[in-house]
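# Coordinate inspection notes
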Amino acid sequence: NYIHADVISAESQYSLGLIDALHSKKLFLSVNGSDDEIRAFNDRECPLTEDYAVILGTYRYKALSDSYAVFRELQVHYTSKLRLKIIGDPGNIPPSMKSDTSIDILGLLPRETVIPILKLARYYISTTTVENSYNAASEGLFLAKESYISAIPPHMELLSNTPTNSVRIPG
């Protein structure tokens, strides 16, 4: 029914590109701002980090098993003491991950609780397979010391003017 819409809005160029070009006069890119994250980043007195990684979201498209593989690689190459904090619905977390004693399942948390967790994180991990927006990734990128995110089009839009390195995690 979008042919009857006055305006069609999406949060990434990639998402807009999925819409029929015949309706291009109606398309509007609604870029997510990151004012809260920028303010939190600028307010940081010193670049403190703690030895943990964070995953935000547990829906199937977030590819938790892939994020877990990234975490395990970081444990091997950084320190075996590295912990993983998962924020999201615990019901969507695979039992094998729930039994890992290096994982803290924090459940669903309000945004004002998530920001301080990200600010202290050594790593932010997002291996999501699809997104309309890069909003969650921008929070992790702004606040965590280092980030590992999937190379999906919305994430690449976010990083378009930023130097990055590509890595491939075995498996």
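In this text the structure is predicted, and so the values were computed from the model without any measurement. (Residues numbered from 1 in each chain as written. Predicted model: local features only at pLDDT ≥ 70, side-chain atom pairs only at ≥ 80, totals over all residues. Heavy atoms only, no water.)

Moving on, we come to the nonpolar core. Side chains of a nonpolar character, in soluble globular proteins, are inclined to be buried together. Counting 16 residues, the largest nonpolar core has Phe71, Leu74, Leu84, Ile86, Met97 and Ile125 as the members making the most contacts within it. Where this core is concerned, the elements lending two or more residues are β3 (50-56), α3 (64-77), β4 (83-87) and β6 (121-126). Top contributing element to this core by residue count: α3, with 5 residues. Leaving out residues up to four positions away in the same chain, Ile86 has contacts with Ile55, Thr58, Ile93, Met97, Ile103, Asp104, Ile105, Leu106 and Gly107. Among the nonpolar cores identified, the runner-up in size contains 13 residues, and Val54, Leu56, Tyr124 and Leu143 belong to it. (Core = buried A, V, L, I, M, F, W, Y, C linked by side-chain atoms within 4.5 Å. Buried < 20%, exposed > 50% of the residue type's maximum accessible area, 1.4 Å probe, protein only. Helix = DSSP H or I, 4+ residues; strand = E, 2+ residues; numbered from the N terminus. Contact = heavy atoms within 4.5 Å.)

By the element assignment, Phe142 lies in helix α6 (residues 135-143). Its relative accessible area of 28% is what places Phe142 among the partly exposed residues. For the pair Phe142 and Leu118, spaced 24 residues apart in sequence, the C-alpha to C-alpha distance is 8.8 Å.

With that settled, the discussion passes to the sheet that holds β3. Read across the open sheet, the 5 strands follow the order β5-β4-β3-β6-β7; overall the sheet is parallel. Among the strands making up the open sheet, the edge pair consists of β5 (103-107) and β7 (146-149). Between one strand and the next, the sheet's axes are offset by a mean angle of 20°, whatever the strand orientation. Direction of pairing for β3 relative to β4: parallel, over a ladder of 5 bridges. In the sheet register, Leu56 faces β4, and the bridge partner there is Ile87. On top of the sheet, α3 reaches β3, β4, β5, β6 and β7; it is set at about 145° to β6, its chief contact. (Pairing = 2+ DSSP bridges. Axes fitted to C-alpha atoms, helices over the stretch in contact; angles between N-to-C directions.)

On to the packing of aromatic side chains, then. Across all of its chains, the model carries 4 aromatic pairs by this definition. Taking the centre distance of 6.1 Å and the plane angle of 5° together, the rings of Tyr59 and Tyr61 count as stacked. Exposure remark for Tyr61: the relative accessible area of 32% places this residue in the partly exposed category. An aromatic cluster is present here, built from Tyr78, Tyr123 and Tyr148 joined pairwise through their rings. It is Lys85 that lies over the ring of Tyr52; its NZ or CZ is 4.6 Å from the centre. (Phe/Tyr/Trp six-rings, centres within 6.5 Å; stacked < 30°, edge-to-face > 60°. Lys NZ or Arg CZ within 6 Å of the ring centre and 35° of its normal.)

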